[in-house]
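Structural features, examined
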Amino acid sequence: MRRIIRFAGSVALLFVVVALLYGFSILVYNHYIFDSESEMVAWPEASEFSAPRGWKTQHPKRVFVLSIEGGAMHGLAELEVLKALEEKSGKRIYEMFDFVAGASTGAIISALLLHPDSQSDEPMTANEAIDVYTDFAATVLNAPAYHTILTANGVYGPVLQNKSRITVATKLFGDGQFNDLLLPTMFPSFSQKSNGLRLFRNWDKSDANMYLRALVTAVTSAPIYFPAIKLVGNQSEEDYVSDGAMILNAPGEAAYLHARTHLPEVKDFVIISVGSRRERSIAEQTVADGGLVQWFLPLMNMVTTGESSVSAHALERHGEFESGVDVQAFFLSPHLPANSNAFDASDQNIAMIRKAGQDFVKTNDDELEKVIHILTNDGN
């Protein structure tokens, strides 16, 4: 009996020691993440600042606004739609629009389609961006086993690492700055300084001079999945920034308001909102039982999806009000299978998401042709 008691005591002591060592390892590792993966220089010296991006329109009567929603891997379905617009029109995205707003994944897509290559002076096509985005995702959406263990797969720290995202963003954009993008562009984010929405705009002097590698990494730092990024280099603007999609995933309405403010003489606005739809429901049992375990998946959906329908509904209702301004809003949103995963970079998941975008293009050809006609016919 004594041997059993001693054995049980030894097992208990071993368990406590292991638990303490694990807890200590978690603290040390998360401190390391904070020090090495959560701070990025976002501005050059103020003396090196250049002029911000100016506002102009291709047509005197109309402004064409592109809004690109977030959704991590679901952005591939959005790129399939943008690819169709380019191929059917024979024009690049930057040639068809006057202003772009991109939330989360939409910020990555915007940067890829608007940032000119240093050699060709042309940005990527949507088709090229699909390949780049696929490679990008395969790199950043995989965490090494030690990271998964030391964060308990997201319980004690971020599910994924920032290190690979920073490396890829630096490779893609180098020292490119926000005002290098070919159009006025806006990225929403969540600011920990103000505890709310912060809009980065490349027509504002400070924002315009930000390094794209830092800005894109920060505004795509989805809570739970990635650490927030501390943007440093401009003391008055320093801030911890994370993905803005949880509070503004569909920036179409905000984009329209900014366009109308900066171009008050324009009376005709065309907003093309590209996003994705996915069937999400909260099961009856979840509502009845409650509790963190039952609500975990619905809460994750809320965090990664954010607001979308409110903004779309606001644009649709604009026509109900007496106004001298006309707004046409088109919502190009592929319907994704319920089992598609926004943070899964497997070949099977990628193929499923891309197919959803391709199917949308096939079944909505008339709508796309209408959009292209408006975008490419001198505003008529």
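Data block above holds the structure.
Attention here is on the structure that accompanies the text.

Rules used throughout
- Residues numbered from 1 in each chain as written.
- Predicted model: local features only at pLDDT ≥ 70, side-chain atom pairs only at ≥ 80, totals over all residues.
- Heavy atoms only, no water.
- Helix = DSSP H or I, 4+ residues; strand = E, 2+ residues; numbered from the N terminus.
- Buried < 20%, exposed > 50% of the residue type's maximum accessible area, 1.4 Å probe, protein only.
- Areas by Shrake-Rupley, 256 points an atom, 1.4 Å probe, with all protein chains shown as cover.
- Core = buried A, V, L, I, M, F, W, Y, C linked by side-chain atoms within 4.5 Å.
- Contact = heavy atoms within 4.5 Å.
- Pairing = 2+ DSSP bridges.

Let us now look at the overall build of the chain. Along its length, the chain carries 15 helices and eleven strands. For the chain, buried positions account for 52% of its 380 residues. For the chain, the exposed surface amounts to about 18300 Å²; the carbon and sulfur share of it is 55%.

Here the focus is helix H7 (residues 163–173). Taken as a whole, H7 has its buried residues at Ser164, Arg165, Ile166, Val168, Ala169 and Phe173. Once H7 ends, the next one or two residues include Gly174, with phi positive near 55 degrees.

Proteins that are soluble and globular tend to have nonpolar side chains buried together. Core analysis: the largest hydrophobic core is formed by 77 residues, its most contacted members being Leu66, Leu79, Leu82, Phe97, Leu141, Leu231 and Ile272. Sequence-distant contacts of Leu82, defined by excluding residues within four places in its chain, comprise Leu66, Ile68, Ile93, Ile109, Leu113, Ala126 and Val274. With 20 residues, the next largest nonpolar core counts Ala255, Leu263, Val266 and Val325 among its residues.

Before going further, it helps to spend a moment on unusual backbone geometry. The phi torsion at Asp121 lies on the positive side, around 65 degrees, for a residue other than glycine. Of note, Asp121 is situated in the loop between helix H4 (105–114) and helix H5 (126–140). On the basis of relative accessibility, which here comes to 56%, the residue Asp121 falls in the exposed class. Even without being glycine, Asn195 reaches a positive phi, approximately 55 degrees.

Take the pairing of strand E4 (residues 185–191) next. Within E4, seven of the seven residues are buried, which leaves it mostly tucked inside the rest of the structure. Covered by surrounding structure in E4 are Thr185, Phe187, Ser189 and Ser191 together with Met186, Pro188 and Phe190, the residues of both alternating faces. As judged from the two bridges shared by strand E3 (residues 99–102) and E4, these two strands associate in the parallel manner. Following the sheet pairing, Ala101 is matched in E4 by Met186. Across six bridges, E4 lies against strand E5 (residues 196–201) in antiparallel orientation. Looking at the pairing, Ser189 lines up with Arg198 of E5. What sits between the antiparallel neighbours E4 and E5 is a turn of four residues, in which Asn195 has the positive phi angle 55 degrees. By the bridge criterion, three bridges tie E4 to strand E7 (residues 239–243) in an arrangement that is antiparallel. Along E7, the bridge assignment pairs Ser189 with Asp243.

That's the geometry; what it means functionally is another story.
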